Every structure is written in structure tokens, then in C-alpha cells.
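# Remarks on the overall topology
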Amino acid sequence: MLFQSAGMKQTLQYDQTSCRLLVEGLPDVSRGHAAGAVGIITGWRIEWLGRPGMDGQREHLRALLEVVLPYARYRISGVPRAFGAEDDPVRIVPDGAERHRLLRRGEEGAAPQELSLDDAELADLVQVLDRLRLDPRLQLEADLPPSRPLTVRELLDRIPLRRRLAAPAGGLAALVLAAALGSLWPAPRPAGSGSGPSASPAARSADDGKPRPAAPPSPGAAPVSRPGSGS
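Counting from 1, residues in each chain are numbered in the order their sequence is written. Predicted model: local features are reported for residues with pLDDT of at least 70 only, side-chain atom pairs are reported and counted for 80 or more only, and whole-chain, interface and lining totals are derived from all residues. Side-chain measures here rest on the full set of heavy atoms in the structure, leaving out hydrogens and waters.

Another point: the pairing of strand E6 (residues 90–94). Walk down a regular strand and you will see the side chains alternate between the two sheet faces. Whether two strands pair comes down to DSSP finding at least two bridges between them. Numbering of helices and strands runs from the N terminus, with a helix taken as a DSSP run of H or I at least four residues long and a strand as a DSSP run of E at least two residues long. When E6 meets strand E7 (residues 99–104), the two strands line up antiparallel, connected through 5 bridges. Paired with Arg-91 across the two strands is Leu-103, which belongs to E7. In this structure, the hairpin formed by E6 and E7 is closed by a connection of 4 residues, where Gly-96 is found at a positive phi of approximately 100 degrees.

Following this line, the structure appears as C-alpha cells:
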């Protein structure tokens, strides 16, 4: 980071591998700023290696801080989402898996500016903006959202809806299939009924309607007397 001055004009410079951020301005003596402070921003620009840069006024720089820093935080958390409305000075939106589109709304009579960044360039942009934000010499108030944990809803949004519904739908299908197979399985008969092996001889005889011969006496058993016999 370099600090230069030309009379009252100040220039703050922040360098990264792929980009350089320059902020020009003056100290606001009406607010008691020191000689090295920048309270009145006259312009800023971002220079990129081998591509056109981006510039603007104070409102664009403040909007740049307000959308790029939270966008990068959500992106790292796996929740890609756009920051900035269509009519905001600066807007950043996801552009595929590893690309990002940074759009700066044009002023009256000026064309809008657009940059396509990859992950490494976005990381460099976040670095220079973070160093700018923490520089005590810059007197610029930005409405940055507080760094809070993501909500449950935002964490769920990381998983596509189809994947979220796949597990419950698969479990419900398995339950319906098990119920259908169970309804086709024959119910077991109560013990002692029917003509199965466990039924008694009298029950089996009653089932088929045919008389069954009496079982022979066991050896050693006393003879059974019959009516009309001589014994």
C-alpha cells in the first residue's frame, strides 16, 4: 500500500497480483480530518492486468464495498447469490461455477461497465477492498452487513431441491413397496385348526368326513372288555 500526495490531493493505492485499486480525494477540513486523510473522494479506479478497468465516484466505491465483500463471504460458504439490485450503482452476480460478473451502472450519458472475474481475480478484489475498508485514513462510511452465521434456510439452499427431496421420496417408495409385498403374503393359520400335522385325529376325520381306524393298543396294555363277550 502506497500513500502519495500532491498539494492537498491524496492518493491511496492498494496492489494485488491481478489488480490495483487507486482512490483519490482530499481531507475534509470541515470535519477536522488530518492532512493525510481522505474524506472527500474525487474518484477511484481499478486497474486489471491485460483488460479494461473500472472507475467511478464516491457512491460507486461505497456500493462496491457493500456488495463485493458479502458476496465473497456467501460464495465461500457455498451459497452463491447476487448482491445489489438492478438500479443500484454496483451489482455482482454469479456467472457459472467459477465466474462472477461485476456490473457498474452508468451515469447520465455514460455507458455501464462490466467485468467478468474468475475466482482468483475475485479474491484479489476482495483483498484490496478489505485493506481499503480497514485503512484509518479513508473516511468513508459503508453500510456493510454484520458478519453473522448463515441461517438454516440459507444453508439448505446450498443443496438443490431435487437432492433434498430424493431421500424422503426414496424412503416413502420403499415403505409403499414393503406394504404391498406384505399384503400379498398369506396369513398363517392358528395352531390346532384345519387338517395340518398339528391337528388331532378327530379333527382330521371331521375335516374329510371319513372314519379313521382306532389306534392299536400299545404292548402291555390291559385288554378292553366288550359288551356280549364271555369274559
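Tracing the backbone through its elements, the reader meets His-100 in strand E7. The exposure class assigned to His-100 is buried, which follows from its relative accessible area of 0%. Counted as a polar contact is a pair of N or O atoms within 3.5 Å, where, for protein atoms, one must be capable of donating a hydrogen and the other of accepting one, and residues adjacent in sequence contribute only when both atoms are in side chains. A polar contact of 2.8 Å, which involves the side chain of His-100, links it to the side chain of Tyr-71. The buried label applies to any residue whose accessible area, calculated with a 1.4 Å probe on protein chains only, is under 20% of its type's maximum; exposed applies above 50%, and partly exposed to all values in between.

The end-to-end C-alpha distance of helix H2 (residues 119–134), which contains 16 residues, comes to 22 Å, matching closely the 22 Å that a straight helix rising 1.5 Å per residue would cover. Within the sequence span of H2, burial applies to Glu-121, Leu-122, Asp-124, Leu-125, Val-128, Leu-129 and Leu-132. An end-on view of H2 places all buried positions within 160 degrees of arc, on one side of the element. What points out from H2, more than 90 degrees from its buried face, is the exposed set Ala-120 and Leu-134. By this rule, a helix spans an expected 1.5 Å times one less than how many residues it contains. What the arc covers is the set of directions going from the helix axis to the C-beta atoms.

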